[in-house]
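# Commentary on secondary and tertiary structure
This is what each chain is made of:
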Amino acid sequence: MRGDTLSVGERLAIKRVAMPELDPAQRSSNFKEVNLGLAEEQAVREAQRCLQCKSTPCIDGCPVQIDIPGFIGAIAERHFAKAVEILQRDNALPAVCGRVCPQEVQCESRCVLGRKDNPVAIGYLERFVADWALRHDLRLNSLTLPGSSGKNVAVIGCGPAGLTAAAELAVKGHSVKIFEALHDTGGVLRYGIPEFRLPKDIIDSEVSRLLNLGVEIECNVVVGKTITLGTLRDEFDAVFIGNGAGLPVMLGIPGENLKGVYSANEYLTRVNLMGAGQTPDCATPILRGRNVAVIGGGNTAMDCVRVARRLGAERAMLVYRRTESEMPARVEEVKHAKEEGIELLVLAAPLEVVGDDNGWTMGLTCQKMELGEPDASGRRRPIPITGETFYLEADVVINALGTQANPLLTATEPELSLNKWKNITADENGATSLPRVFAGGDIVRGGATVILAMGDGKKAAAAIHSMLNSE
Amino acid sequence: MYEVKSNEMLAPNLHKIVVTAPRVAAVRKAGQFAIVRVEKGGERIPLTIGDADPLAGTITLFVQAVGATTRKLVAIPVGGHVRDIAGPLGVPTHIENWGRVACVGGGVGTAVLYPMAKALADAGNEVTTIIGGRSKPVIILADELSAFSQQTLITTEDGSLGRKGFVTAVLEDLLKDSKSSPMSVFAVGPVPMMRAVAELTRPYQVKTIVSLNPIMIDGTGMCGGCRVLIGGEVRFACVDGPEFDGHLVDFNNLADRLTTYREHECRIALKEKESREAA
Ligand SMILES: Cc1cc2nc3c(=O)[nH]c(=O)nc-3n(C[C@H](O)[C@H](O)[C@H](O)COP(=O)(O)OP(=O)(O)OC[C@H]3O[C@@H](n4cnc5c(N)ncnc54)[C@H](O)[C@@H]3O)c2cc1C
Ligand SMILES: Cc1cc2nc3c(=O)[nH]c(=O)nc-3n(C[C@H](O)[C@H](O)[C@H](O)COP(=O)(O)OP(=O)(O)OC[C@H]3O[C@@H](n4cnc5c(N)ncnc54)[C@H](O)[C@@H]3O)c2cc1C
Ligand code: SF4
Ligand code: SF4
Ligand code: FES
């Protein structure tokens, strides 16, 4: 059966593919990737569902405007190398996006099939193509590097925004150097998102691709401390800032400083970046906890609670002040978490972390909530039910309320204009208030997504290139 | 990778290590620290930058081997490498000419104190240095500190060197006499010592700066693990400190949080001992 000869009726008759997964009982005690990826036959069959719409609504849902029908059509025809090439035109990190993009609210939410049935599994297919390319070592074979432009660009931060900007600039012939504060690459992709959602070797292969392009990466450089933005502006023809939004929002409730209370950033960094808890004698310690309560309802909260489960928590609980349908976390994450035995305690807000006489966390007192009128975000506002509280036993409490812009860099550069949340203000090309300085990703948007950070890196790289090219 | 240029033992378990880190050496100021990771897979630990030679591109670390990571660090031979060094981090010591200041150091805190005291002396202060420890062998840097201090007073708990007792007794004598009473006190050492100094100076209303040593990871304000309570408010020691007004610090909370991983540390220490004995 050839993909291009199917009738619309035949295409519509195919059921959406289900992602093969590790068994929940097995996976909830290790860090192996949960989604196993589609087999070739599954991918081709799923690709055949696509109606190749002329109006391409799905593309409008993708922040980097990937030619979705194009690459899916190539899969249907089994032209995988062609699919790789199409994908690479618009997305520098398809193996990452295919895994962590919130497709259900982006590309897949616009797919025409979604009106009556399930949308085409665009994310799964993207991942299939990216993994195929990795297996066949096909990345970049179509790219021949132009000669050196003689210009150099500094990139601050080695997260998705910085990685993308660096790659885009390198292929244009500019010499690029990334400065990263931590001892390793990847930003949130490495220290935030756990291995069971995004294996670290995918980040490693992306990074080695960059190195092959001639990009230099210097770790252990905290811009604002080790060197200043001013120095970088003197030494480089342009600067791209992609330093993320790494400043934890504190709970601001009594008991926050007890032993056993973590911010999500600390908890995830210990485990994901430093390997705590994953081997018995890892140098970096972590409190494992029997009853772990994670406060929040986003991707970060979901990652923390699933990590806690894997580190052996008997009860791994999520405490969220609205209900499941308002949770900002990806639908797939919530599903996976529930399969792994994670308890969702909804309509509950933390009031106090309770400790024992020795300063150890014992539990959490929570306020019961109900939903009121919708607020500015369109979600129904949680309001406390007067007098109704409950107590939850917990020896580890993790605060996953979110992050804000980290002022370490921006505070040293008063000329750089910021908005009221201390995020850098940048125009649609990423240009900041300082000449030759561009910015993108979470430092501009506040906590957003990988693909938006990448889109920013890409747009800024294009603007930097045209600026440097016209000189 | 950062090359170890020299490594000398100053006292039992206390090493002075000079290591190349040109970027850090070029800009570091007194009171700042670096985050060090000895090897791949190792822990990130904060260490004060004791001194620096910007021309040679080196920094000096004074390291007390107390646990697994610091023991590995002091065991690196000359020509060996430290995997990662990031810095300088933290707010530099606020240096001003107060006139007369007292610098009080306990244990390895004396090493942390050294760059502060030197910068204070350079700024024209009349520095009285008080250093204390359990016993004579652990008293470090006395000569180095004497080089710029008006006077250097030593105490040991067992009386094997200097006056018998604690640093606070000497400081109290200074405070009591208006002719010797310092305008500011800088104290670095174990938590109980800093607490005792702060309690001692409080009734005299003498400004007292302490350098706090909570557990840290990133050192850039990203994780909140280093949080301390200052005047009832949560502050991050790595970006807001590590120096704070000693009269506002919640020392109980700091001391308590430092015990978070005691069990883990004991387990690792036991493992090390077993493997040493097996060898
Ligand atoms: C736990 C967690 C789970 C998430 N899950 C998802 C998901 O499933 N899907 C999704 O789309 N998004 C997810 N996100 C959001 C997404 O990861 C971020 O939006 C994205 O990583 C932002 O990219 P960035 O490049 O702007 O910043 P970051 O990824 O934060 O990278 C910034 C880098 O800059 C470095 N840096 C910071 N300051 C300095 C400095 N002064 N000098 C030098 N370097 C510096 C940092 O160390 C870091 O490496 C998640 C976020 C978290 C925290
Ligand atoms: C800003 C700052 C500057 C510092 N400067 C120096 C320095 O110049 N020289 C130096 O030797 N040490 C310094 N320290 C302390 C040093 O970071 C710790 O000794 C080190 O992290 C211990 O690691 P470890 O794995 O060897 O020991 P661990 O096995 O982690 O701990 C062993 C023992 O040390 C205690 N300990 C753990 N962390 C700390 C800590 N942060 N402070 C005090 N005690 C701790 C533990 O409770 C335990 O009793 C500094 C700490 C901070 C926060
Ligand atoms: S990058 Fe993300 S939004 Fe775009 S097509 Fe891929 S999965 Fe969809
Ligand atoms: S909207 Fe759906 S069916 Fe139409 S082209 Fe896009 S993916 Fe294919
Ligand atoms: S060490 Fe992470 S915020 Fe200070």
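Reading guide: rules and limits
- Residues numbered from 1 in each chain as written.
- Chains lettered and ligands numbered in written order.
- Predicted model: local features only at pLDDT ≥ 70, side-chain atom pairs only at ≥ 80, totals over all residues.
- Heavy atoms only, no water.
- Contact = heavy atoms within 4.5 Å.
- Buried area = accessible area lost by both parts, 1.4 Å probe.
- Salt bridge = Lys/Arg side-chain N within 4 Å of Asp/Glu carboxyl O.
- Polar contact = N/O pair within 3.5 Å; in protein donor to acceptor, adjacent residues only side chain to side chain.
- Helix = DSSP H or I, 4+ residues; strand = E, 2+ residues; numbered from the N terminus.
- Nonpolar A, V, L, I, M, F, W, Y, C, P; charged D, E, K, R; others polar.
- Near = heavy atom within 4 Å.
- Areas by Shrake-Rupley, 256 points an atom, 1.4 Å probe, with all protein chains shown as cover.
- Domains from an automatic or database assignment.

Right, let's talk about the interface of chain A and chain B for a bit. Size of an interface: often given as the accessible area lost when the parts come together. Contact residues are listed per partner, giving 43 residues for chain A and 43 residues for chain B. Summed over both sides, the interface of chain A with chain B buries roughly 3300 Å², with 54% coming from carbon and sulfur. Contact with chain B buries area across many residues of chain A, yet Asn220(A), Lys225(A) and Asn257(A) alone supply 20% of it, more than any other trio. Between chain A and chain B we count two salt bridges in total. The closest approach of N and O atoms between Glu218(A) and Arg23(B), which form a salt bridge, is 2.7 Å. Here chain A and chain B share 20 residue pairs in polar contact (both at pLDDT 80 or more) between them. Broken down by secondary-structure element, the contributors of at least two residues to the side of chain A that touches chain B are strand 2 (175-179), strand 5 (247-248), strand 6 (261-263) and helix 14 (264-273) of chain A. In terms of residues, the side of chain A that touches chain B owes the most to one element, helix 14 of chain A, which gives four residues. Class assignment of the residues belonging to the side of chain A that touches chain B gives a composition of 23 nonpolar, twelve polar and eight charged.

This next bit is on the site of ligand 2. Residues and elements named next belong to chain B. Surveying the vicinity of ligand 2 reveals 23 residues, the closest of which are Pro46, Phe62, Gln64, Thr70 and Asn213. Between Thr48 and ligand 2, the recorded distance is 3.0 Å, taken from a side-chain N or O atom to a nitrogen atom. Between ligand 2 and the protein, one listed contact pairs an oxygen atom with a side-chain N or O atom of Thr69 at 3.1 Å. Relative to its unbound accessible area of 860 Å², ligand 2 is 85% covered by the protein chains. Breaking the shell around ligand 2 down by element, the ones donating at least two residues are strand 4 (44-53), strand 5 (58-64) and helix 2 (68-74). Residue composition of the shell around ligand 2, grouped by class: 15 nonpolar, six polar and two charged. Residue-level mapping places the shell around ligand 2 at the junction of two domains, with at least three residues from each of domain 1 (2-89) and domain 3 (212-279).

Before going further, it helps to spend a moment on the domain arrangement of chain B. Residues and elements named next belong to chain B. According to the domain assignment, chain B contains domain 1 (2-89), domain 2 (93-210) and domain 3 (212-279). Spacing between the C-alpha centres of domain 1 and domain 2 amounts to 24 Å. In this complex, domain 1 contributes 13 residues to the contact, which on the side of domain 2 involves 13 residues. Of the roughly 1000 Å² buried between domain 1 and domain 2 on both sides combined, carbon and sulfur atoms contribute 68%. On the domain 1 side of the contact with domain 2, Ala30, Thr48 and Phe62 bury the most area, a combined 40% of that side's loss. On inspection of domain 1 and its partner domain 2, the count reaches one salt bridge. Between Lys118 and Asp51 there is a salt bridge, and its shortest N-O distance comes to 3.7 Å. There are one residue pair in polar contact (both at pLDDT 80 or more) connecting domain 1 and domain 2. Elements supplying a minimum of two residues to the side of domain 1 that touches domain 2: strand 1 (2-11), strand 4 and strand 5.

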